[in-house]
Amino acid sequence: MASFCNTTIYIQVGVMCVLFSFASNLPSVVNLGGLLNDDDKEVENAFQHGVDEINEDSSILPTKQLSMRLSKLKPQDTFHTFQAACQQLSSGIIGFIGPTTLPSSSLIQSVSTSIEIPHVRLQSDYIANVPNGFSLNLHPSSELLSKAFRDILDTRGWMSYTIVYESNEALIKLKKLLERDTNKSVKISFRQLKPGMSYKKLAKDIGKQGEANIVLDISTWKIKEFFKQAQDIGMMTEYHSYLVTSLDLHTVDLREFQRGRTNITAFRLVSSDHEKERQGWEWAYEGGQYKKVSQQKKTLKTKAALVHDAVKMFALSLHNMSSDITVRIQSIFCDSPEPWTHGNHLLNIMKETKFKGLTGFVEFDQNGTRTNFSLDILELKEEGLRKVGTWNTQFGIQFSTKYEKLVGDVLRQLRNRTLEVVTIINPPYMMMKEPAEQLTGNDQFEGYCLDLLEELSKRLGFKYKIHQVRDGSHGSKNEHDEWNGMIRELINKEADLALADLTITYEREEAVDFTMPFMNLGISILFRTPTKNVPKLFSFLSPLSLEVWMYMATTYLGVSLLFFLLARLTPYEWVPSNSCNPDSNVLENQFSLSNSFWFTIGSLMQQGTEIAPKAISTRVVAIMWWFFTLIMISSYTANLAAFLTVQRMESPIESANDLAKQSSIQYGCLKFGSTKAFFKESNIESYKTMWRVMQSQPTVFTESNLEGVERVLRGNYAYLMESASIEYITARNCELEQIDGLLDSKGYGIATPKGSPYRTPISNAILELQEDGILYLLKEKWWFRKYGGHCKHEETSHSASTNELGLANVGGVFVVLLTGLGLACMISMIEFILKTRRSSRNERDSVLLDFQRKARRIGFRCGLTSHRAETSSWKQSRD
Ligand code: GLU
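Residues numbered from 1 in each chain as written. Predicted model: local features only at pLDDT ≥ 70, side-chain atom pairs only at ≥ 80, totals over all residues. Heavy atoms only, no water.

Per an unreviewed UniProt entry, the protein chain goes by the name Glutamate receptor ionotropic, kainate 1-like and belongs to Limulus polyphemus. In its Sequence similarities (unreviewed entry) section, the UniProt entry covering the protein chain states "Belongs to the glutamate-gated ion channel (TC 1.A.10.1) family." (UniProt positions renumbered as here; feature names shortened; annotations may be inferred.)

**Focus on the packing of helix H20 (residues 674-681) against helix H21 (residues 685-696)**
Relative orientation of the contacting elements H20 and H21 amounts to 115 degrees, with a least axis distance of 7 Å. Where H20 crosses over H21, the two elements pack in a sense that is left-handed. Residues Lys 676, Phe 678, Phe 679 and Lys 680 of H20 pack against Tyr 687, Met 690, Trp 691 and Met 694 of H21. Within the contact of H20 with H21, the residues separate by chemical class into six nonpolar, no polar and two charged. (Axes fitted to C-alpha atoms, helices over the stretch in contact; angles between N-to-C directions. Helix = DSSP H or I, 4+ residues; strand = E, 2+ residues; numbered from the N terminus. Left-handed = near helix turned anticlockwise from the far one by under 90°. Contact = heavy atoms within 4.5 Å. Nonpolar A, V, L, I, M, F, W, Y, C, P; charged D, E, K, R; others polar.)

**Some remarks on the site of the ligand**
Taken together, the neighbourhood of the ligand is formed by His 474, Asp 501, Leu 502, Thr 503, Arg 508, Leu 670, Gly 673, Ser 674, Thr 675, Glu 722 and Tyr 748. Note that an oxygen atom of the ligand is positioned 2.4 Å from one of the side-chain N or O atoms of Thr 675. When the ligand is considered free in solution it has 290 Å² of accessible area, and contact with the protein chains removes 100% of it. When the residues that make up the shell around the ligand are grouped by side-chain class, the tally is three nonpolar, five polar and three charged. (Near = heavy atom within 4 Å. Polar contact = N/O pair within 3.5 Å; in protein donor to acceptor, adjacent residues only side chain to side chain. Areas by Shrake-Rupley, 256 points an atom, 1.4 Å probe, with all protein chains shown as cover.)

**What to know about the environment of Ser 336**
Relative to the helices and strands, Ser 336 is located in the loop between helix H10 (302-322) and helix H11 (343-352). Each C-alpha atom, one on Ser 336 and one on Ser 114, is 9.3 Å from the other, the two residues being 222 residues apart in sequence.

**Thoughts on the state of the cysteines**
Overall, the coordinates contain two disulfides when judged by the stated rule. With its sulfur 1.8 Å from that of its partner, Cys 734 forms a disulfide with Cys 791. The sign of the -80 degrees torsion about the S-S bond sets the Cys 734-Cys 791 disulfide as left-handed. With a gap of 57 residues between them, Cys 734 in the loop between helix H23 (723-732) and strand E30 (736-739) and Cys 791 in the loop between helix H25 (774-785) and helix H26 (807-838) connect regions that are remote in the sequence. Given the relative accessible area of 9%, Cys 791 is considered buried. (Disulfide = S-S within 2.5 Å. Buried < 20%, exposed > 50% of the residue type's maximum accessible area, 1.4 Å probe, protein only.)

**Here we look at the environment of Glu 382**
Looking at the element boundaries, Glu 382 is found in the loop between strand E15 (374-381) and strand E16 (384-392). Assessed through its relative accessible area of 42%, Glu 382 is described here as partly exposed. A C-alpha to C-alpha distance of 8.5 Å links Glu 382 and Phe 257, two positions 125 residues apart in sequence. Residue contacts for Glu 382: discarding those within four places in its chain leaves Gln 258 and Arg 259.

**Regarding the packing of aromatic side chains**
Under the counting rule described, the total for this entry stands at 26 aromatic pairs. Plain terms: the ring middles of Phe 678 and Phe 679 are 5.1 Å apart, the flat faces sit at 85 degrees to each other, and that makes the pair edge-to-face. Its relative accessible area of 18% is what places Phe 678 among the buried residues. Among the aromatic residues, those joined into a ring-pair cluster are Tyr 429, Tyr 448, Phe 518, Tyr 728, Tyr 748 and Trp 783. The ring centre of Phe 701 lies 4.4 Å from the NZ or CZ of Lys 676, which sits over that ring. One residue, Arg 711, lies across the ring of Tyr 717, its end atom 4.4 Å from the ring centre. (Phe/Tyr/Trp six-rings, centres within 6.5 Å; stacked < 30°, edge-to-face > 60°. Lys NZ or Arg CZ within 6 Å of the ring centre and 35° of its normal.)

**Remarks on the sheet that holds strand E17 (residues 396-399)**
Working definition: the strands of a sheet are paired by backbone hydrogen bonds and lie parallel or antiparallel to each other. Ordered by their spatial adjacency, eight strands build an open sheet running E7-E6-E8-E9-E10-E15-E16-E17, and the pairing between neighbours is mixed. The outermost strands of the open sheet, each flanked by one partner alone, are strand E7 (187-192) and E17. For this sheet, the mean inter-axis angle between neighbouring strands, taken without regard to orientation, is 25 degrees. One ladder, built from four bridges, connects strand E8 (residues 213-217) with strand E9 (residues 241-244); its direction is parallel. (Pairing = 2+ DSSP bridges.)

**Description of the nonpolar core**
If you look at soluble globular proteins, the nonpolar side chains tend to sit buried side by side. Counting 75 residues, the largest nonpolar core has Phe 47, Ile 97, Tyr 161, Val 215 and Phe 267 as the members making the most contacts within it. Of all the elements, H10 adds the most residues to this core, at 10 residues. Not counting residues up to four positions away in its chain, the partners in contact with Phe 267 are Ala 148, Phe 149, Ile 152, Leu 243, Val 244, Ser 246, Leu 247, Leu 375, Asp 376, Ile 377 and Trp 391. Of all hydrophobic cores here, the second largest spans 69 residues; its members include Tyr 429, Ile 523, Cys 669 and Leu 775. (Core = buried A, V, L, I, M, F, W, Y, C linked by side-chain atoms within 4.5 Å.)

**With respect to the sheet that holds strand E1 (residues 29-37)**
Reading across the sheet, the five strands line up as E2-E1-E3-E4-E5 and stay open at both edges, with parallel pairing between neighbours. Edge positions in the sheet fall to strand E2 (65-73) and strand E5 (135-137), since each has one partner strand and no second. Here three bridges tie strand E4 (residues 119-121) to E5, and the two strands are oriented parallel to one another. Directly across from Arg 121, in E5, lies its bridge partner Asn 137. Set on the sheet, helix H3 (residues 78-90) makes contact with E1, E2 and strand E3 (96-97); between it and E2 the angle comes to about 160 degrees.

**Some thoughts on the UniProt feature "transmembrane region" (unreviewed entry) in the protein chain**
The positions that UniProt labels "transmembrane region" (unreviewed entry) are, in the present scheme, residues 548-567, 623-644 and 810-834. Spanning residues 548-567, this segment combines 100% helix with 0% strand, and its end C-alpha atoms are found 28 Å apart. Strand forms 0% of residues 623-644 and helix 100%; the C-alpha atoms that close the span are 31 Å apart.

**Observations regarding unusual backbone geometry**
Residue Pro 428 follows Pro 427 across a cis peptide bond; omega there is 0 degrees. As for its position among the elements, Pro 428 is in the loop between strand E18 (418-423) and strand E19 (431-432). Of note in this structure, Arg 261 is not a glycine but carries a positive phi near 65 degrees. On the secondary structure map, Arg 261 appears in the loop between E9 and strand E10 (263-268). With phi around 65 degrees, Asp 740 is a residue other than glycine that occupies positive phi space. Examined against the element boundaries, Asp 740 turns out to sit in the loop between E30 and strand E31 (746-748).

Here it is in structure tokens:
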């Protein structure tokens, strides 16, 4: 208990000592100079409120009274500003706050520097890192602010925007935004809003350029009127985005734009933590004057908050300084050669002072420039301006609104919307349903894209209204950089979606936004199916060349003769003619001339004969011949299979290169499509050649894919078309086929106007459809099941049936057989006739009679081959 009492006594003594030191180190009333605009009631209130707050706070300058020496000035009146400053100095002040306009502020900066009295500035410097003298700037520098603007544009992905500005200094202020185009892919335009200029005309001009992103750097009080006039001419839709550079957008009444779905983004320096503190002195600029507004509205102006923080900063710094030294506050005259003795010390302490004010955390660098501050990022929603994140000097942008919430907002918007959808008739993506004249509205259409749209609308809950593109084109850019087709309609905001076989290209991405691709494809060539080679009758001869056949025939002759000769020469081939009597003098040689030929042909045909060589010499010949036939027959058989089954197509072109090299076959593509753009932009030599050729004959370009297909069917024309469409056409028209693979790889996507909020939910839905297999089923339905799709092309179906050999392939073998049989019959007849000529008349008669008799009896059915020798006349005559 005793120690507690001691502690209490020490604390009391300490507090008294501190109070005493303040009491002795400072005069009882401390004056602070304020140079404010005379119409700025809110800022004046903020000054007063700041002073009152310090006087009520016993922890800052206790027992002292902070007093405001306020001068109200005309904004550009530098003469009176100077006079007011000198007056304030003569009454003895510790520093200046304001003024809030640039020329007057610069004047006070030079006065304060010469008298060495701290000065707090409240508007941003256009030029960074200039010596500030005795001034500190509570307003964030233009350099850091423009960095914040740039960061938000980077996260929003603005690749093209127009800066609307009033004063030329704005371009210095927005320096970092201008630096975004150094990589050339960002397109920045400028429009100056000169005094008296119509906002409507300016907005209209911007709209005409197809610009949907605007950086608005105009006075806060003009913003509402600008939006109003922009709304009148349709520049305030969900496709338009504005970045307002004023830090006071939260003070503007934007209620009439809340439901317009326009994307309006701004920053706020006034911290959202201090809403309670501002109660009782909130003012808004309405109807040309400042009025007190309801306390629920958060309308504190940045300048008011800055003035409030400036008062606090002076008080805190003086408090810290007076705890160390005795501060004398004296009257100073503007022409006095003596500066204020404590000015430099107070300035240094102010630079060191850090605190949390109405403009967030306050801290300065050694130049007196504000550092380490943060800004609220605001977005206009249906409920009004909402904080969606913060930007700070250290970490840049941090969004607080969850992604799911953002998507949720858009989904809610989509549910109540009827989207205007532009399309183009091109089977099977979009087709007119029959009977077209009896149908109206969306019912007139059918096809892959309609089914896809229906799926999307089911998932996302939107309704849609389809119309056909007016000029019948997909969309391409002319030499004046103007788009036509569906892309034009999107730029003009005449449609919310373009759904067709619309290819995603880099060039188009600059003008519109694409969703995820719903189909992948590439450019290929559509051409008439080449006629198949009719197999040759004697195609079995093809495996070996004519030369080889000739050599084989010659070899056969040579080997047969060699057999005959060697067999004659070698004694071992001569054997007794009667095998039962080895001592018989009659010797016989089996290799007669005809037997030699018979033996070699037998082995060539892989057959055996009764004849077998006995001598080593003839055996060697036989072995060599057999080896030769083995290799030849194997090679022939191996090659025969390939020759009989492969029926080569004779196509004059096999690839795009072939097309480029020739001039007899014309080729072309769609007139206003991405295929044409591909060839136009290509850097590949053969495609460049193709582009030159196509350009030199403009008639090769077609108005529609259908026209291209008809031209191909007429012949001597190849159509450069997208593979998905080729697949559809060739499945229905068997006379057409795709030549070669794909020349590139790309996808079809749904296009939306630039900045459309619907792109992300639609992309997500497309991904879902892909994962659920719906896109695959839709393709199967429209490509192969609905309205035909029966043609099978060899590239796609290598079924076993294609390897079967037809009569055309093997007919020649039959012909050879029949010819051989015929020849055999003829020879047999010749043999018969020759023999009968040499025989006696009686013999001949008996032979003929015998032949007739037998023929009559058995009708050649079975008797001819079993003609018995004992009854045969030949036998008799031989005997
Ligand atoms: N899909 C193409 C486009 O979007 C049209 C067809 C083509 O150019 O081959 O432009």
